[in-house]
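Residue strings, one per chain:
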Amino acid sequence: MKRILYISTLDPLAPRAHVYNVLQTVSALDGPASIRLVIPARAHAIHAQEHIRSYLGISKDIPFLFLTSWGTTFAGSRIRVVQWLEMILQSISFCRLLYRERGSFEWLYLRDFSLMIPALFARTILKKKIAYEVHAVLHSRKQEWRNALLVRYSDTVIAITDALRAHYLPTNPHITTVVCAAAEPERFANVTESKDRLRTSFGLAHDACVLGYTGNMGRTGNNDPYGIEDIIDALPLLPENVQFVGYGKRGEETKALETHIASLKLSARAHVRGHVGKTDVYRFLKACDILVIPSAGNQIGNAPSKTYEYLASNLPIVAASTVANREVLTHGENALLVNPKDPKAWAEAITHLSEDAVLSQKIVTGAQKTATQYTWTARAEYILNALQ
């Protein structure tokens with residue numbers, strides 16, 4: 001049995017897709033492997049397990065190992081010098097913990113390029129094997145330098161798309177593609193309320209054609225626009241009863257989007273709402289008519305988690321035709337793919353699905369078939385196979 005220490009800077013209470021993905025991955029690995037998830041201890045960390053069960057719907061306890069670090073004192077600061085101080089102090093704390101736990105693990109697993117120093121410490125000083133999960137080619141030179149260095153010196157690299165694997169293959173031949181998330185048909189099956197009741201619950205018009213979306217509506221981690229504006233631009237070309245409803249607003253990150261909606265006088269048809277618990281995400285999606293997936297920055301590593309979730313929704317999908325989406329979605333089979341910058345293409349695809357029940361059902365059936373390939377158990381198996 002492989003012994004793995006997974007180090008991360010995540011906050012388990014943060015309403016972000018990557019938090020859910022890391023926790024589900026650790027949960028799936030726990031059993032087939034001996035694994036612990038090391039994260040910085042925060043004041044609310046004691047409530048992590050309760051939150052994970054109630055808000056995220058993950059019933060299995062996560063094997064946490066909380067790291068005490070002075071770095072958490074400065075967490076969230078936007079001052080560059082303070083951010084560097086946080087990273088240095090946190091890196092020192094991680095290195096101390098790795099040294100203390102050196103006899104309990106063989107593999108160090110990470111996906112945060114900011115943890116480059118602890119990773120290299122584990123490899124060069126402690127002689128441990130490193131597995132790095134790479135999610136993007138970063139625009140920032142300083143960040144990409146750390147990202148590429150981890151790719152180069154890791155014993156195995158997990159890339160979340162084939163295109164990302166191809167990009168980094170010349171740097172490290174020990175690189176495998178493992179998608180970042182999973183379809184969870186059981187979570188949709190657990191929603192037993194009628195569509196009418198769900199619409200009432202979420203304040204959705206019963207006679208509307210609802211374009212549903214959940215997740216990031218601001219910018220990607222690479223600071224690219226997520227692409228919701230492209231979908232909004234299609235609304236004026238669609239009948240008045242077609243509405244966009246998105247859940248996932250966080251702080252001021254959607255201010256530009258909301259300004260754009262107001263400038264088009266679409267406030268009555270485009271609704272940007274806050275985060276909801278994972279169970280309510282699936283309830284909301286089942287209240288919709290068509291699910292939409294934007295470009296998510298249109299980079300080779302930008303594979304939205306929702307792509308995999310939506311496959312199991314029993315609803316038709318319209319998605320931006322990006323490199324990452326095309327690795328999972330096939331036009332006319334499990335989704336309709338469109339040029340993300342063409343409002344007319346979005347409008348035509350949405351109209352086809354809303355008016356053609358045969359096409360819509362074909363897309364749904366194809367999506368359900370594709371969904372069977374993507375499970376958390378399969379993701380864990382692929383990762384373990386890569387740790388050789």
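Note that the structure is predicted; figures quoted are calculated from it, not measured. (Residues numbered from 1 in each chain as written. Predicted model: local features only at pLDDT ≥ 70, side-chain atom pairs only at ≥ 80, totals over all residues. Heavy atoms only, no water.)

Some words on the sheet that holds strand β3 (residues 64-67)
The line we're drawing: Note: two strands are recorded as paired if DSSP finds a minimum of 2 bridges between them. By definition, any uninterrupted DSSP run of H or I lasting at least four residues is a helix, any uninterrupted run of E lasting at least two residues is a strand, and each is numbered from the N terminus. Note on definitions: angles span 0 to 180 degrees between N-to-C directions of axes, and those axes are lines fitted to C-alpha atoms, for helices only across the stretch in contact. Only heavy atoms matter for contacts: two residues are in contact if any of them lie within 4.5 Å across the pair.
As summarised here, the arrangement of the seven strands in space is β3-β2-β1-β4-β5-β6-β7, forming an open sheet in which the pairing is parallel. Each having just a single partner strand, β3 and β7 (175-177) make up the two edges of the open sheet. Averaged over all pairs of adjacent strands, the angle between their axes in this sheet comes to 25 degrees, without regard to strand direction. Pairing of strand β5 (residues 129-134) with strand β6 (residues 156-159), which is carried by four bridges, proceeds in the parallel orientation. When the sheet's bridge partners are listed, Glu133 is paired in β6 with Ile158. Its contacts with the sheet place helix α5 (residues 141-153) against β4 (107-110), β5 and β6, and it is angled at close to 135 degrees to β5.

With respect to unusual backbone geometry
At Ala296, a residue that is not glycine, the phi angle is positive and equals roughly 50 degrees. Looking at where Ala296 falls in the secondary structure, it is placed in the loop between β11 (290-293) and α12 (305-311). Not every positive phi belongs to a glycine, and Asn314 is a case in point at roughly 70 degrees. Along the chain, the position of Asn314 falls in the loop between α12 and β12 (317-320).

Side note on a nonpolar patch on the surface
Our working definition: For patches, a residue must show more than 30% relative accessible area and have no salt bridge; joins then use 9 Å for like charges and 5 Å for nonpolar side chains, namely Val, Leu, Ile, Met, Phe, Trp and Tyr. Accessible surface is estimated by sampling points in the Shrake-Rupley manner with a 1.4 Å probe; for residues, cover comes only from the protein chains shown. Here, a salt bridge means any Lys or Arg side-chain nitrogen found within 4 Å of an Asp or Glu carboxyl oxygen. Burial status follows relative accessibility: with a 1.4 Å probe on protein chains alone, a residue under 20% of its type maximum counts as buried, one over 50% as exposed, and anything between as partly exposed.
A surface patch of nonpolar side chains, about 280 Å² in accessible area, is lined by Trp84, Ile88 and Ile92. Within the secondary structure layout, Trp84 lies in helix α3 (residues 80-100). For Trp84, a relative accessible area of 38% corresponds to the partly exposed category.

Remarks on the packing of helix α1 (residues 17-29) against helix α16 (residues 376-386)
The line we're drawing: The cut-offs work like this: below 35 degrees is roughly parallel, past 145 is roughly antiparallel, 65 to 115 is roughly perpendicular, and the gaps in between are oblique. Each residue is assigned to one class: nonpolar for Ala, Val, Leu, Ile, Met, Phe, Trp, Tyr, Cys and Pro, charged for Asp, Glu, Lys and Arg, and polar for all the others, Gly among them.
Packing of α1 against α16 leaves a shortest axis separation of 9 Å and a crossing angle of 75 degrees. For the element pair α1 / α16, the angle class is roughly perpendicular. On the side of α1, the interface is formed by Tyr20, Asn21, Gln24, Thr25, Ala28 and Leu29, while α16 contributes Trp376, Thr377, Arg379, Ala380, Ile383 and Leu384. Considering only residue class, the contact of α1 with α16 consists of seven nonpolar, four polar and one charged.

Digging into the state of the cysteines
Quick note on the threshold: Our working definition of a disulfide is a cysteine sulfur pair at a distance within 2.5 Å.
Counted by the stated rule, this structure contains zero disulfides. Here Cys209 stays unpaired: no disulfide links it, and the sulfur of Cys288, its closest cysteine neighbor, is 9.6 Å away.

Considerations on the packing of aromatic side chains
The line we're drawing: Note on aromatic contacts: the rings of Phe and Tyr and the six-membered ring of Trp form a pair at centre separations within 6.5 Å, being stacked when their planes are under 30 degrees apart, edge-to-face when over 60 apart, and tilted otherwise. Charge over a ring is defined by NZ of Lys or CZ of Arg lying within 6 Å of the ring centre and within 35 degrees of the ring normal.
Taken as a whole and judged by the stated rule, the model has nine aromatic pairs. Pairing Tyr6 with Tyr109 gives two aromatic rings, centres 4.9 Å apart and planes at 40 degrees, and the pair type is tilted. With Tyr6 in strand β1 (residues 3-7) and Tyr109 in strand β4, the pair connects residues that are 103 residues apart, well separated along the chain. Neither residue differs from the other here; Tyr6 and Tyr109 are each classed as buried. With 6.2 Å between their ring centres and 75 degrees between their planes, Tyr20 and Trp376 make a pair best called edge-to-face. Within this pair, whereas Tyr20 is found in helix α1, its partner Trp376 is found in helix α16, the two being separated by 356 residues in sequence. Every member of this aromatic cluster is reached through a ring pair, and the members are Phe202, Tyr247 and Phe284. The positively charged end of Arg102 is found above the aromatic ring belonging to Tyr99, 4.0 Å away from the centroid.

Considering the pairing of strand β9 (residues 242-249)
Quick note on the threshold: A crossover counts as right-handed when, viewed with the strands pointing away from the observer, the path leading from the first strand over the helix to the second turns clockwise.
The element β9 is extensively covered by neighbouring structure, given that seven of its eight residues are classed as buried. Here six bridges tie strand β8 (residues 209-214) to β9, and the two strands are oriented parallel to one another. Note on β9: the bridge partner recorded for Gly212 is Val245. Sheet analysis places β9 next to strand β10 (residues 270-274), joined by five bridges and oriented parallel. Bridge assignment links Lys249 to a residue of β10, and that residue is Gly274. After leaving β9, the chain enters helix α10 (residues 255-263) and then returns to the sheet as β10, a path that is right-handed.

Some remarks on the pattern of salt bridges
Side chains that carry opposite charge are capable of pairing whenever their charged atoms lie near each other. Under the defined criterion, the tally for this structure stands at 13 salt bridges. The salt bridge involving Glu193 is made with Arg283; its shortest N-O contact spans 2.7 Å. In this pair, Glu193 sits in the loop between α7 (185-189) and α8 (195-201) while Arg283 sits in helix α11 (residues 278-286), placing the two residues 90 residues apart along the sequence. Residue classification places Arg283 among the buried residues on the basis of a relative accessible area of 14%. The partner of Glu258 in a salt bridge is Lys249, and the shortest N-O contact between them spans 3.3 Å. Owing to a relative accessible area of 30%, Glu258 belongs among the partly exposed residues under this scheme. For Lys249, a relative accessible area of 29% puts it in the partly exposed group. When salt bridges with common partners are traced through the structure, they connect Glu193, Asp280 and Arg283 into a single cluster.

Topic: the environment of Pro185
By secondary structure assignment, the location of Pro185 is in helix α7. Between the alpha carbons of Pro185 and Ser313 there is a distance of 6.9 Å; along the sequence they are 128 residues apart.

A few points about the packing of helix α4 (residues 116-124) against α5
For the record, the criterion: With the far helix as reference, a near helix turned anticlockwise by less than a right angle produces a left-handed crossing, and one turned clockwise produces a right-handed crossing.
Contact geometry for α4 and α5: axes closest at 10 Å, N-to-C directions at 20 degrees. The angle between α4 and α5 places the two elements in the roughly parallel class. Classified by chirality, the crossing of α5 by α4 is left-handed. Here α4 contributes Met116, Ala119, Leu120 and Arg123 to the contact with α5, which in turn contributes Trp145, Arg146, Leu149, Leu150 and Tyr153. Residue classes in the contact of α4 with α5 are distributed as seven nonpolar, no polar and two charged.

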